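What the coordinates show
Letter by letter, the chains look like this.
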Amino acid sequence: MTDTPSNGRIAIVTGAARGIGAAVAARLAADGHAVGAVDLDARNCTETVEKIRADGGTAMAVGADVSDEQAVTDAVAAVTAQLGPPTVLVNNAGILRDDLLFRMSVSDWDSVIGVHLRGAFLMSRAIQGFMVEARYGRIVNMSSISALGNRGQANYSAAKAGLQGFTRTLAMELGRFGITVNAIAPGFIVTDMTRATADRIGVDFAEFEASLVAGIPVGRAGVPEDVAAAAGFLTSAEAGFVSGQVLYVAGGERT
Ligand code: NAP
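Everything numeric in this text was worked out from a predicted model, so none of it was measured. (Residues numbered from 1 in each chain as written. Predicted model: local features only at pLDDT ≥ 70, side-chain atom pairs only at ≥ 80, totals over all residues. Heavy atoms only, no water.)

1. A short note on the pairing of strand S5 (residues 137-142)
Selection rule: For the exposure calls, accessible area comes from a 1.4 Å probe over protein chains only, and a residue counts as buried if that area is under 20% of its type's maximum, exposed if over 50%, partly exposed in between. Numbering goes from the N terminus for both helices and strands, where a helix is a DSSP run of H or I of at least four residues and a strand is a run of E of at least two. Pairing between strands is defined by DSSP: at least two bridges between them are needed. Call a crossover right-handed when, viewed with both strands pointing away from you, the route from the first strand across the helix to the second goes clockwise.
Among the six residues in S5, six count as buried, and that is most of the element. Judged by which residues are buried, S5 turns out to be covered on both faces: Gly137, Ile139 and Asn141 on one side and Arg138, Val140 and Met142 on the other are all buried. Two strands pair when backbone bridges link them, and strand S4 (residues 88-91) and S5 are joined in this way by four bridges, in the parallel orientation. Bridge pairing links Asn91 to Asn141 in S5. Regarding the hand of the β-α-β motif, the stretch spanning S4, helix H4 (residues 106-134) and S5 is right-handed. Inspection of the sheet shows S5 paired to strand S6 (residues 179-186) by six bridges, in the parallel sense. In the strand pairing of S6, Arg138 is matched with Thr180. Read from S5 through helix H5 (residues 154-174) to S6, the crossover connection turns out right-handed.

2. So, the site of the ligand
Short version of the rule: It suffices for a single heavy atom of a residue to lie within 4 Å of a molecule or strand for the residue to be listed as near it. Any N or O atom pair separated by 3.5 Å or less is treated as a polar contact, with the protein-specific requirement of one donor-capable and one acceptor-capable atom, and with residues adjacent in sequence counted only for side-chain atom pairs. Accessibility throughout is a Shrake-Rupley quantity obtained with a 1.4 Å probe, and a residue counts as covered only by protein chains that appear here. Side-chain classes follow a simple rule in which Ala, Val, Leu, Ile, Met, Phe, Trp, Tyr, Cys and Pro form the nonpolar group, Asp, Glu, Lys and Arg form the charged group, and the remainder, Gly included, forms the polar group.
Taken together, 29 residues sit near the ligand, with Arg18, Asp39, Asn92, Tyr156 and Thr191 positioned nearest. Residue Arg18 places a side-chain N or O atom 2.5 Å away from an oxygen atom belonging to the ligand. In the complex, the protein chains occlude 91% of the 900 Å² of accessible area that the ligand would expose alone. With three residues, the top contributor of residues to the shell around the ligand is helix H6 (residues 192-201). Per-class residue counts for the shell around the ligand are 14 nonpolar, 10 polar and five charged.

3. A look at the nonpolar core
Applied cut-off: Put simply, a nonpolar core is a bunch of buried Ala, Val, Leu, Ile, Met, Phe, Trp, Tyr and Cys residues held in one set by side-chain atoms that sit within 4.5 Å of each other. Contacts are residue-level and defined by heavy atoms, with any inter-residue pair within 4.5 Å sufficient.
Counting residues in each nonpolar core, the largest one holds 37 residues, and the members touching the most others are Ile12 and Met123. Contributing elements (two or more residues each) for this core: strand S1 (10-14), strand S2 (34-39), strand S3 (58-63), helix H3 (69-82), H4, H5 and S6. A per-element tally of this core places H4 first, with nine residues. Setting aside chain neighbours within four positions, we find Ile12 in contact with Gly36, Val38, Val76, Val79, Pro86, Val88, Leu89, Val90, Met123 and Ile127. Core analysis: the next-biggest nonpolar cluster, separate from the first, contains 28 residues, Val13, Ala25, Val49 and Val140 among them.

4. Things to note about helix H1 (residues 19-30)
Just so we agree on the cut-off: Given a helix with a known number of residues, its expected span is that number minus one, times 1.5 Å.
An ideal rise of 1.5 Å per residue puts 16 Å on 12 residues; H1 measures up with 17 Å between its terminal C-alpha atoms. Along H1, the residues classified as buried are Ile20, Gly21, Ala22, Ala23, Val24, Ala25, Leu28 and Ala29. Directly beyond the C-terminal end of H1, a positive phi value near 105 degrees is found at Gly32.

5. Details of the environment of Ala11
Looking at where Ala11 falls in the secondary structure, it is placed in strand S1. The residues contacting Ala11, other than those within four sequence positions of it, are Leu28, His33, Ala34, Val35, Gly36 and Val88.

Take a look at the structure:
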């Protein structure tokens, strides 16, 4: 169930079933990309894909665990076969397994590092060849304000800080091929992920939101579209001289 893109701009967005990934997929489609919406289960991307199509865009749903090398290879092959070779990649898939260090299990550590860091590595490695061939590419990695440290998130902060180093390194390696690589580091964005955090710590979401918004200079929580707007710029052709950067989309929160 795919359409044929007419403009040759193919993007892959991971974790596109909901939250920030769904908003980024919609934004990239509105900007003229045919979008491969990747998530653990393709069926969960149905809403994302249908919304894009209803708005006149092109998208397909692909199921893959981004931390699984074979699944990544197959997902990229599926997008390439049906939409064309991707030259835009947004590594957005993410999970939380928060806990204080003394209670953090090895599996909490490994799964967070696996999805965020290994996932971004596998996806970027699988796609870079198409970008090199096209002498054009845009990679955006979803970091977080938690890269600067956040209590209860040793695994997540390490992964998000790691993504910043990964971003700068890919920018150095791939720049000569017309490929830019940047990171977006969102602050507090209202999604299922932040709702789950409030649930986990046993705080009503409205209270949780109010306490966080108190520390955000623009005086509101972020929404997925705030992050999608940044992704739209960083994946645009006109952003070709912006590379190796980390853009904090955090409402002015101190970084
Ligand atoms: P979300 O609502 O939980 O969505 C994350 C998506 O990623 C889900 O659809 C999830 O699928 C998918 N996913 C998880 N593991 C995957 C895997 N191994 N392979 C493929 N897909 C996978 O989260 P979000 O709030 O939109 O966050 C998106 C990104 O922004 C994450 O990298 C997150 O760390 C980052 N971020 C979020 C915030 C925030 O305040 N929300 C702030 C800073 C950074 P399932 O539903 O099947 O699990």
